[in-house]
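Geometric and topological summary
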Amino acid sequence: MDKQKLRSIMKEKRQALSPKTFSLYNQNILSKVLSHPRIHEAKIIGCYVSLPGEVDTFNIIEKLLTEKRICVPKVIGNEMEFYEIHSFNDLQEGCFHVLEPVNCVKICPQEIDCMLVPLLAYDQDNYRVGYGKGYYDRYFQKDFQGYKIGLAYSFQYVDHIDYDEFDQPLNEIIHEVS
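A short tour of the structure in this document, coming up. (Residues numbered from 1 in each chain as written. Predicted model: local features only at pLDDT ≥ 70, side-chain atom pairs only at ≥ 80, totals over all residues. Heavy atoms only, no water.)

Right, let's get into the sheet that holds strand β3 (residues 79–85). Sheet architecture is open: seven strands sit in the order β6-β3-β2-β1-β7-β10-β11, paired in mixed fashion. Pairing within the sheet leaves two strands with one partner each, and these edge strands are β6 (106–107) and β11 (172–174). The sheet contacts of helix α2 (residues 19–34) involve β7 (114–117), β10 (147–151) and β11, and relative to β11 the element is tilted by about 135 degrees. (Pairing = 2+ DSSP bridges. Helix = DSSP H or I, 4+ residues; strand = E, 2+ residues; numbered from the N terminus. Contact = heavy atoms within 4.5 Å. Axes fitted to C-alpha atoms, helices over the stretch in contact; angles between N-to-C directions.)

Turning our eyes to something else, we now look at the side chain of Asp-137. Summarising the element assignment, Asp-137 is placed in helix α5 (residues 135–140). No salt bridge is formed by the buried Asp-137; its nearest oppositely charged neighbour, Arg-128, is found at 4.5 Å. A distance of 3.0 Å separates a polar atom in the side chain of Asp-137 from the backbone nitrogen of Gln-168. What Asp-137 contacts, discounting residues up to four positions off in sequence, is Arg-128, Phe-166, Asp-167 and Gln-168. (Buried < 20%, exposed > 50% of the residue type's maximum accessible area, 1.4 Å probe, protein only. Lys, Arg positive; Asp, Glu negative; His and termini not counted. Salt bridge = Lys/Arg side-chain N within 4 Å of Asp/Glu carboxyl O. Polar contact = N/O pair within 3.5 Å; in protein donor to acceptor, adjacent residues only side chain to side chain.)

A full pass over the atoms with the stated rule returns one cavity of 30 Å³ or more. Within this model, the largest cavity holds a volume of roughly 40 Å³. Together, Arg-14, Tyr-48, Glu-54, Val-55, Pro-118, Leu-119, Leu-151, Ala-152, Tyr-153 and Gln-156 line the largest cavity. Taken together, the residues that form the lining of the largest cavity break down as seven nonpolar, one polar and two charged. (1 Å grid on protein atoms, 1.4 Å probe; cavity = no way out; pocket = protein on both sides within 12 Å on 5 of 7 lines; lining within 4 Å. Points joined across faces, edges and corners; volume = space filled by probe spheres on them. Nonpolar A, V, L, I, M, F, W, Y, C, P; charged D, E, K, R; others polar.)

Under the criterion given, the structure shown has eleven aromatic pairs. Their ring planes at 35 degrees and their centres at 5.4 Å tell us that Phe-58 and Phe-88 sit as a pair that is tilted. In this pair, Phe-58 is assigned in helix α4 (residues 58–64) and Phe-88 in the loop between β3 and β4 (91–93), connecting sequence segments 30 residues apart. Given a relative accessible area of 27%, Phe-58 falls into the partly exposed group. According to the relative accessible area criterion, Phe-88 is partly exposed, its value standing at 28%. Between Tyr-153 and Phe-155, the aromatic rings sit 5.6 Å apart at their centres with planes inclined by 20 degrees, giving stacked as the arrangement. (Phe/Tyr/Trp six-rings, centres within 6.5 Å; stacked < 30°, edge-to-face > 60°.)

Here we come to the layout of surface pockets. Its volume calculated, the largest pocket comes out at about 600 Å³. In terms of lining, the largest pocket is formed by 28 residues, of which the most central are Arg-128, Tyr-131, Lys-133, Tyr-135 and Tyr-136. Elements supplying a minimum of two residues to the lining of the largest pocket: α1 (3–15), β2 (69–76), β9 (128–129) and α5. Classifying every residue of the lining of the largest pocket gives 15 nonpolar, three polar and ten charged.

Neither face of β7 is left uncovered, since the one carrying Cys-114 and Leu-116 and the one carrying Met-115 and Val-117 both have all their residues buried. Across three bridges, the pairing between strand β1 (residues 44–47) and β7 is parallel. Within β7, the residue paired with Ile-45 across the bridge is Cys-114. Pairing geometry for β7 and β10, over four bridges, is parallel. Across the sheet, the residue bridging to Val-117 is Gly-150, located in β10.

Purely geometric stuff here, so don't read any function into it on its own.
Here you go:
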C-alpha cells in the first residue's frame, strides 16, 4: 500500500478511538514502558512529545523525569536534535505545533541509551511509517547506538512496509495488547 494512503488510514483510525478507549490503551502502554528492562537500564532516554491522537507520552515523560534524564526532539531546518528537559516548563510550541525544548542542553545521539519513537504504522520486521519527513531515520544514522522502541496501537500493524536503504528498523514495538 502507498505510504501516503497508509498514513491517512491510520490517522483516521486513531481519530475514531473513543476517549475511554484512548485512555485505556495509553494506560497499558505507560505500564509496559515503565516496566521495560531497557527503560530501567537507561541513563538517558529520548522521547517524542506527543500530538493529539498519538500514543500519549506526557505521562511517560512525567514519570520518567523523576528518575531518569529525558531528552526530547527539536526540529532545526531538515534535521532533528535532542535536548535534555527537566520539566514541561522547558517546552514551547515549535515546528509542526509540537512542543519543543527551549534553552536546554543538547544531547549527542551516542549518549541516548533508549529512544521512544512515534509512528503511524509498523510491520513484523519493526519497520515504521512516520510522517514522511525522515527525521528519525536521519537521526539514527548519526552514530545513534541506543535501543529504539516504537510506541503504537495494535491496529497500526500492517503485514509489510516497503522500505529503502535509508529506513531504520526499530528494535521493538510496544502497544496496548498484552
